[in-house]
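Here is how the chains run, residue by residue.
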Amino acid sequence: MTGLTPESLALLIAATLNAGTVVALASLGLLINERAGVLNLGAEGMMLVAAIAGFATGVHTGSDWLGFAAGAAAGAVLAGAFGLLVIWLNTNQYATGLALSLFGAGLSAFVGITYTQQRLPERPHFAIPGLADLPFVGPAFFKQHPLVYLTIALAIGLTWFLMRSRAGLVLRAVGESPESAHALGYAVRPIRLLAVMTGGALCGIAGAYISLVYTPLWVEGMVAGKGWIALALTTFATWRPARVLLGAYLFGGVTMLQFQMQGQGVQIPSQFLTMLPYIATIVVLVLISRNPTWIRINMPASLGKPFHPGA
């Protein structure tokens, strides 16, 4: 096994940012859901449907951005259906979310049959002029897809929104005490639905990113558990956007490290290396679960609980 050269380290960092963006986008979307008091376990299904929607749009239009728009729309529509069921009809959030995940997996597999052998048009290569040519930092940080930088900006903006803006305060109030927010005259159910659809749109963009940028093709089940990782990461980050970003890049780094180790001929079974990102996630969750009080203090008080305006 050879040592890690500066060039391979730069490529590893770049791949980490690329892989982490998928989980970061989905986690930020789920964070918005959960800050409003709604738990959506259907992220995996929404991401799968968005992945095929984005890929099909990319094949027919040749535009990444139209593909992202299609993915966001698919995620928002599925999340909207979920929201109507759990917010207005008061169905169980856990069961409805699991049903959405199963539905999305089946629908994406059915729709994607005709796209399995399809190829996207030639992809553009992105680089920030003047910075991309710098030694080490150029290939590591400045040759990413624009959505990577937009995701970082989104995490920063979401932190400000939740902590500093009036609308963010209302969203948090709806998640902490919907009865108090309702008594103050805020429309709890529409606010929750808007939060759920916004979160679904972000999950949809994450799904489209997988099929358009991360692995530009369509394969059934290609999300490969990243929706569930995003759900776990939201808890791991204690519902804070900056920690979501950190956790997402940690997951992305471990994911890419196992490919690096395989490429350098590490004598470890490939199946174990493939398990590494998920093992790391489980270990982190076990460690933070040792202090349930810490999770309880940071968790939105009404998370997963239905709200009845007339009660």
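Above this text you will find the structure in question.
Only a predicted model underlies this, so the values are computations on that prediction, with no experimental measurement involved.

Definitions and cut-offs
Residues numbered from 1 in each chain as written. Predicted model: local features only at pLDDT ≥ 70, side-chain atom pairs only at ≥ 80, totals over all residues. Heavy atoms only, no water. 1 Å grid on protein atoms, 1.4 Å probe; cavity = no way out; pocket = protein on both sides within 12 Å on 5 of 7 lines; lining within 4 Å. Points joined across faces, edges and corners; volume = space filled by probe spheres on them. Helix = DSSP H or I, 4+ residues; strand = E, 2+ residues; numbered from the N terminus. Nonpolar A, V, L, I, M, F, W, Y, C, P; charged D, E, K, R; others polar. Phe/Tyr/Trp six-rings, centres within 6.5 Å; stacked < 30°, edge-to-face > 60°. Buried < 20%, exposed > 50% of the residue type's maximum accessible area, 1.4 Å probe, protein only. Axes fitted to C-alpha atoms, helices over the stretch in contact; angles between N-to-C directions. Parallel < 35°, antiparallel > 145°, perpendicular 65-115°, else oblique. Left-handed = near helix turned anticlockwise from the far one by under 90°. Contact = heavy atoms within 4.5 Å.

## Looking at empty space enclosed by the protein
A probe matching the size of a water molecule, rolled over the atoms, marks out where space remains unfilled.
(1) Moving on: Counting across every chain of the model gives two cavities of 30 Å³ or more.
(2) Moving on: Taken together, 12 residues line the largest cavity, and the ones lying closest to its centre are Leu233, Phe236, Gly247, Phe251 and Thr281.
(3) Moving on: Only α10 (226-236), α11 (241-263) and α12 (270-289) provide two or more residues apiece to the lining of the largest cavity.
(4) Moving on: Taken together, the residues of the lining of the largest cavity break down into 10 nonpolar, two polar and no charged.
(5) Moving on: In this model, the second largest cavity occupies a volume close to 50 Å³.
(6) Moving on: Taken together, Val38, Val86, Ile87, Asn90, Gln93, Val188, Arg189, Arg192, Pro306 and Phe307 make up the lining of the second largest cavity.
(7) Moving on: At the level of secondary structure, the elements contributing two or more residues to the lining of the second largest cavity comprise α3 (64-88) and α9 (188-214).
(8) Moving on: Residues of the lining of the second largest cavity, tallied by class, amount to six nonpolar, two polar and two charged.

## Describing the packing of aromatic side chains
(1) Moving on: Using the criterion set out here, one finds four aromatic pairs in the structure.
(2) Moving on: On the numbers, 5.4 Å between centres and 70 degrees between planes, the contact of Trp65 with Phe68 is edge-to-face. Taken as a pair, Trp65 and Phe68 lie in helix α3 at a separation of three residues, close to a single helical turn.
(3) Moving on: Taking 6.4 Å as the distance between ring centres and 15 degrees as the angle between the ring planes, the aromatic pair formed by Phe68 and Tyr209 counts as stacked. Of the two residues, Phe68 is situated in helix α3 and Tyr209 in helix α9; the sequence distance between them amounts to 141 residues. With respect to burial, Phe68 and Tyr209 carry one shared label: buried.
(4) Moving on: Joined through ring pairs, the aromatic side chains of Trp65, Phe68 and Tyr209 make up one cluster.

## Comments concerning unusual backbone geometry
What is expected of a backbone is that most residues other than glycine have negative phi and most peptide bonds are trans.
(1) Moving on: Look at Asn90: it is not a glycine, yet its phi comes out positive at around 55 degrees.
(2) Moving on: Within the secondary structure, Asn90 is located in the loop between α3 and α4 (93-111).
(3) Moving on: The phi angle at Ala224 is positive, at roughly 55 degrees, despite the residue not being glycine.
(4) Moving on: Among the secondary structure elements, Ala224 is positioned in the loop between α9 and α10.
(5) Moving on: Residue class for Ala224 comes out partly exposed when judged on its relative accessible area of 39%.

## Brief notes about the packing of helix α1 (residues 6-35) against α10
(1) Moving on: For the pair α1 and α10, the least separation of the axes is 8 Å and the interaxial angle reads 55 degrees. The angle between α1 and α10 places the two elements in the oblique class. With respect to the hand of their crossing, α1 and α10 are arranged in right-handed fashion. For the pair α1 and α10, the contacting residues are Val22, Val23, Ala26, Ser27, Leu30, Leu31 and Glu34 in the first and Lys226, Gly227, Ile229, Ala230, Leu231, Leu233 and Thr234 in the second.
(2) Moving on: Of the residues belonging to the contact of α1 with α10, the class tally is nine nonpolar, three polar and two charged.

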